[in-house]
Amino acid sequence: MSHGSGCAIPGPDDGYALGATEQEYERLRRQAQVWAEATEMILRRAGVPKGARCLDIGSGPGEVMRQFRRLAGPSATVTGMDIDGVLGRESLRRLRDEEGGSFEFRELDIEAADRIPGGPYGVVFTRLVLLHLRDPVAAVRKMYEAVAPGGLLVVQDYDLRTWETLPSFEDGDLPRDVLMATLRAGGKEPLIGPKLPEIFRAAGVPEPAECRQSGGMSFRKDGGMEIGLGVLRSTLPAALRLGVVTQERAQRFFATMEERMRSDELLYQVAPTMVGAWVRKPR
Ligand SMILES: C[S@@+](CC[C@H](N)C(=O)[O-])C[C@H]1O[C@@H](n2cnc3c(N)ncnc32)[C@H](O)[C@@H]1O
C-alpha cells in the first residue's frame, strides 16, 4: 500500500480514511495544537521521566514528539513511527531544525509489523490512530510489548459522539457522520476512546491506572470550525468510493457552511471528546 505517496486509496477495505495531502497535513498540525493541552495533561499525570526513550506510534505531524522533548528534556530520545513516510520525514526535518535534540523517525505500518522495532521504550504513546486500524487490539498488544518494565503505555483517542455543530441544521453534522460511516465501512471502530479499557483487557494489558476525558467548544474566531470542515474534505475521496455520501450532498453542506460562516448567526462546535488512558508496566 503506497499510502505515503499521496496516491488514491487502494481499496474500500484498505485505506486510511483521511488520505495524504498537504492540506490534510496542515489540518493535522492545527488539530495537534487543539489537543496539545489534553496530551500534556495525560502525559504529566502518567509521569514521563526525564531522559526517557519515547515512542509515538502514528506520529503524523510530529507535534506530540515536540511535546515529549519538552517534557522528557534534552537527554530524551524521541522516535516517531507512521505508515506515511512522506509526512513522517517532513515532520522529522522540521523538528530537528526547530528543536534540535534527538529525534528519529521510522516508517512503519503498525498493522503489518509483527513487532515494534527498536524497543524497549520508556514511554509508548499513540493518539488518534487506533480508530483508523482494523485490529486496534493487536496494535495495543504490540505497543505494550514494546514498553520497558516500569515504563508507560499512554493512549488517546476520540469519542466522536459528542462532536456536534450548533445550533443544529439539516446535515450540519455531516463531517462527523461521514467520518464514522467511512471508518465503519472500512472495518474500523470509530468509538475507540470509551472502549480503551476493553481494548486494553483484550490485548492482555492491565486495566488503565487512569482514564481522563478532555473536550471543548470552538467558534468561528478561533479557527477550530475549519478543522472540522477539513475532516470532511479529507474523508471525501474515501467516503465517495465507499458510497457513504454523494458529491452533491457534500457540496450542499460546504455551501451551507460557507454561507453560515459569513453570516452573523450564532455558530459553534462541540468537539469530539478525547479520552486518554495510561498504564505502567510492572517491573
Ligand atoms: C489522525 S492522524 C493523528 C496524528 C498524530 N498522532 C496526532 O494526534 O497529531 C493519524 C495518523 O496515523 C497514521 N496511521 C494510519 N494508519 C497507520 C498504521 N497502520 N500504522 C502507522 N500509522 C498509521 C496516519 O498516517 C496519521 O499520521
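Counting restarts for each chain: residues are numbered from 1 in the order of the written sequence. Local features in a predicted model are, by the rule used here, given only for residues with pLDDT of at least 70; side-chain atom pairs are given and counted only at 80 or more, and totals for whole chains, interfaces and linings are based on all residues. The side-chain figures draw on all heavy atoms in the structure; neither hydrogens nor water molecules are used.

Asker: Mind showing me how you'd approach the packing of helix 1 (residues 22–46) against helix 2 (residues 63–72) here?
Answerer: Packed helices, taken two at a time, are described by the angle between their axes plus the distance between the axes. It is the contact of helix 1 with helix 2, at a shortest axis distance of 10 Å, that shows an interaxial angle of 40 degrees. As summarised for this structure, helix 1 and helix 2 are arranged oblique, according to the angle between their axes. In the crossing of helix 1 with helix 2, the sense of the turn from one axis to the other is right-handed. Of the residues in helix 2, those touching helix 1 at A32, A36, T39, E40, L43 and R44 are E63, V64, Q67, F68 and L71. Here the contact of helix 1 with helix 2 is built from residues that sort into 6 nonpolar, 2 polar and 3 charged. Think of each axis as a best-fit line through the C-alpha atoms, taken over the contacting stretch in the case of a helix, with angles from 0 to 180 degrees between the N-to-C directions. Here a helix means four or more residues in a row that DSSP labels H or I, a strand means two or more in a row labelled E, and each is numbered from the N terminus. What sets the label is the angle itself: under 35 degrees gives roughly parallel, over 145 gives roughly antiparallel, 65 to 115 gives roughly perpendicular, and the rest give oblique. Crossings are classed by handedness, with left-handed meaning an anticlockwise turn of the near helix from the far one by less than a right angle and right-handed meaning a clockwise turn. When checking whether two residues touch, look at their non-hydrogen atoms; a contact exists if any pair is within 4.5 Å. Gly falls in the polar group here, along with every residue not listed as nonpolar (Ala, Val, Leu, Ile, Met, Phe, Trp, Tyr, Cys, Pro) or charged (Asp, Glu, Lys, Arg).

Asker: Explanation requested: the pattern of salt bridges in the structure shown.
Answerer: It is possible for side chains of opposite charge to pair when their charged atoms get near one another. Only one rule defines a salt bridge in this text: a Lys or Arg side-chain nitrogen within 4 Å of an Asp or Glu carboxyl oxygen. In total, this model carries 22 salt bridges according to the counting rule given. Across the salt bridge formed by D177 and R176, the nearest N and O atoms sit 2.9 Å from each other. The salt bridge involving K195 is made with E189; its shortest N-O contact spans 3.4 Å. Overall, K195 belongs to the partly exposed group, its relative accessible area being 29%. Among the ionic contacts, a cluster of salt bridges with common partners joins E22, E26, R29, E90 and R94. Note on exposure labels: buried denotes an accessible area under 20% of the residue type's maximum, exposed denotes more than 50%, and partly exposed covers the range between, all computed with a 1.4 Å probe on protein chains only.

Asker: How should I be thinking about the pairing of strand 4 (residues 121–127) in this particular structure?
Answerer: Within a regular beta strand, the side chains point alternately toward one face of the sheet and then the other, so they alternate between its two faces. Among the 7 residues in strand 4, 6 count as buried, and that is most of the element. At least two bridges found by DSSP between two strands are what make those strands a pair. With 4 bridges joining them, strand 1 (residues 53–57) and strand 4 adopt parallel strand pairing. By the bridge assignment, I57 is partnered in strand 4 with T126. In this structure, strand 4 lies alongside strand 5 (residues 147–159), joined through 6 bridges in parallel fashion. Its bridge partner being in strand 5, F125 is matched across the sheet by V154. Between the parallel elements strand 4 and strand 5, the chain passes through helix 4 (residues 136–145) in a crossover that is right-handed. The path from the first strand over the helix to the second decides the hand: if it runs clockwise while the strands point away from the viewer, the crossover is right-handed.

Asker: What's the story with the sheet that holds strand 3 (residues 102–107) in this structure? I'm lost.
Answerer: Strand order across the open sheet formed by 7 strands is 3-2-1-4-5-10-7, with mixed pairing between neighbours. In the strand order of this sheet, the two ends are held by strand 3 and strand 7 (210–214), each with one partner. Neighbouring strand axes in the sheet, compared pairwise and without regard to direction, differ in orientation by 15 degrees on average. In the sheet, strand 7 pairs with strand 10 (residues 273–280) via 5 bridges, with the strands oriented antiparallel. Looking across to strand 10, one finds that S214 is bridged to M274.

Asker: What is the right way to read the site of the ligand from this model?
Answerer: To be near a molecule or strand, a residue needs just one of its heavy atoms within 4 Å of it. Lining the immediate environment of the ligand, one finds 20 residues, of which G58, D82, D109, I110 and R127 sit closest. Polar contacts here mean pairs of N or O atoms no more than 3.5 Å apart (in protein, one a potential hydrogen donor and the other a potential acceptor; neighbouring residues in sequence count only if both atoms are side-chain atoms). Between the ligand and the protein, one listed contact pairs a nitrogen atom with a backbone N or O atom of I83 at 3.2 Å. Here the accessible surface of atoms and residues is derived via Shrake-Rupley with a 1.4 Å probe, and residues count as covered only by protein chains that are part of the display. Coverage of the ligand by the protein amounts to 97% of the 590 Å² it exposes when considered alone. Looking at side-chain class alone, the shell around the ligand contains 10 nonpolar, 5 polar and 5 charged residues.

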